Amino acid sequence: MCVDDVAVGRPEGRQGLAVALRERLLVRHAGGPDRLFVVRRLGPGYGAGAEKECDTDDQGTGGKTAGGRHRNAARERHDWKVRPLYLAGGGAGKKPHRVVRYAAMTDHVATLADLVRRPSVTPMGREVSGPEYLEGRVTDYLVRRFSAAGLPWARPPVAPGRENVVARLQGPVPGGPVVLWDAHQDAVPADGMTIDPFAPLVRDGRLYGRGACDVKGGMAALLAALARLQASAAHRTKTVVFAATVNEEFGFSGAKALARLWTTPPADAPPTDAAARALVGGRPEAAIVAEPTDLDLVTQHKGAVRWRIRIHGRACHSAFPEQGENAIYQAGRAILAIEDLARELLRRRPDQPCGPPTLSLGTIRGGTGVNLVPDLVVLEIDRRIVPGESPRDA
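Residues numbered from 1 in each chain as written. Predicted model: local features only at pLDDT ≥ 70, side-chain atom pairs only at ≥ 80, totals over all residues. Heavy atoms only, no water.

S.K.: Help me understand the overall build of the chain in this model?
M.R.: Looking only at helices and strands, one finds seven helices and 16 strands in the chain. Looking at the 394 residues of the chain, the share that counts as buried comes to 39%. Across the chain, the fraction of contacts at a sequence separation of at least 24, relative to all contacts at a separation of at least 6, is 69%. As displayed, the chain has an accessible area near 20800 Å², and 54% of this comes from carbon and sulfur atoms. (Helix = DSSP H or I, 4+ residues; strand = E, 2+ residues; numbered from the N terminus. Buried < 20%, exposed > 50% of the residue type's maximum accessible area, 1.4 Å probe, protein only. Contact = heavy atoms within 4.5 Å. Areas by Shrake-Rupley, 256 points an atom, 1.4 Å probe, with all protein chains shown as cover.)

S.K.: How do you make sense of the pairing of strand E7 (residues 178-184) when you look at a structure like this?
M.R.: Consecutive side chains of a regular strand alternate in pointing toward one face of the sheet and then the other. When you tally the buried positions in E7, you get seven out of seven residues, the bulk of the element. Neither face of E7 is open: one carries Val 178, Leu 180, Asp 182 and His 184, the other Val 179, Trp 181 and Ala 183, and all of them are buried. Two elements, E7 and strand E10 (residues 239-245), share seven bridges in a ladder whose sense is parallel. Counterpart to Trp 181 in the pairing with E10 is Phe 242. Taken together, the four bridges between E7 and strand E11 (residues 286-289) define a ladder with parallel strand orientation. (Pairing = 2+ DSSP bridges.)

S.K.: Even after reading the chapter, I still don't get helix H5 (residues 253-263), so can you show me in this structure?
M.R.: An α-helix turns once every 3.6 residues. As a result, residues three or four positions apart point the same way. Among the residues of H5, Gly 254, Ala 257, Leu 258 and Leu 261 are the ones counted as buried. Take H5 and look down its axis: the buried residues cluster within an arc of 100°, on one side only. In H5, the exposed positions angled more than 90 degrees off the buried face are occupied by Lys 256 and Thr 263. Buried residues belonging to H5 abut strand E4 (157-159), strand E6 (165-169), E7, E10 and helix H6 (274-280). (Arc of directions from axis to C-beta.)

S.K.: Hey, could you run me through the pairing of strand E16 (residues 376-385) in this one?
M.R.: Of all the 10 residues making up E16, seven are buried; the element is thus mostly covered by neighbouring parts of the structure. Where strand E12 (residues 303-312) lies against E16, 10 bridges are found, and the strand directions are antiparallel. Counterpart to Trp 307 in the pairing with E16 is Ile 381. Judged from the eight bridges that link them, strand E14 (residues 358-366) and E16 form a sheet pairing that is antiparallel. Residue pairing in the sheet places Thr 358 in a bridge with Arg 384 of E16.

Printed below as a string of structure tokens:
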């Protein structure tokens, strides 16, 4: 998530610092550590004199600034969500502050940090387990947030340990149009990350962590916007239904369960859908999906069809391979044909705004030992379809 610097300067003395705090600015010391100071709520002690300043190293530095000078290290114990940063005062010889005037940033950066530090990794079809897997921590967080805000919510189950969350902000006209806001709760695995994936790190105006871009940043933006609409009914023209779905990264079961709330007759739907169905109230007029698009308006996108292909052979000892049938050789011929089809697809529909349809061979597994002729190879294929293509024809 990028932070735009729209004002660069230095608060003039303590009064300038107090004004900065009261105006809910993000204040970043140009020479300090890569962290943000986030003020979500100010205590009564932050008056015109701003006698309190914040110790900005929450690891404990004995109340010293980066240069070693002691500060008043009294902290305001309110709603810290992101590690604070030194507010070294101005004056001759001091490095300037960078002041970012973006009043709402405090809300959604803090919310994004909350979401990132709650692991919600989807297993991607693998037989894995551990504390970082599945979306339950994010689900619980959203439910607590909506409960505190007084918004009605439901958490219909999709699979064991996986629940969608649906909440409703009523518009001015009962029975009026409904707009769906959607973001998924899950993130891809953290394998190979070089930072702690679940400790939000702010550096150079960006927040890093697993899922920060796809799509917890988008979810944080939706939550901040929902809170703004709730606080100012004058700007609300439609009912907003917020949906946080599970398993978007692999299988789409959460999105399918969400669509079931208005596509499946009540008599054919699971009883556990009833509360969420009542909140949605029918087919939404429109939907906004918070996928990362660099803020470009995207009105269509590709779909996906995936296959798992099993190629069987006959096992035997590798000393007598002629007595068996090597599944890897057969798979090799199939892979060459798949590669030819992938190249041919790239020449189809060159004028499609989403780009041409594609095909990719993603995984191959086979064999149990070098001294055995393999009797099974499994291929997994990802086929992206463009608007107008049929999944069955793909």
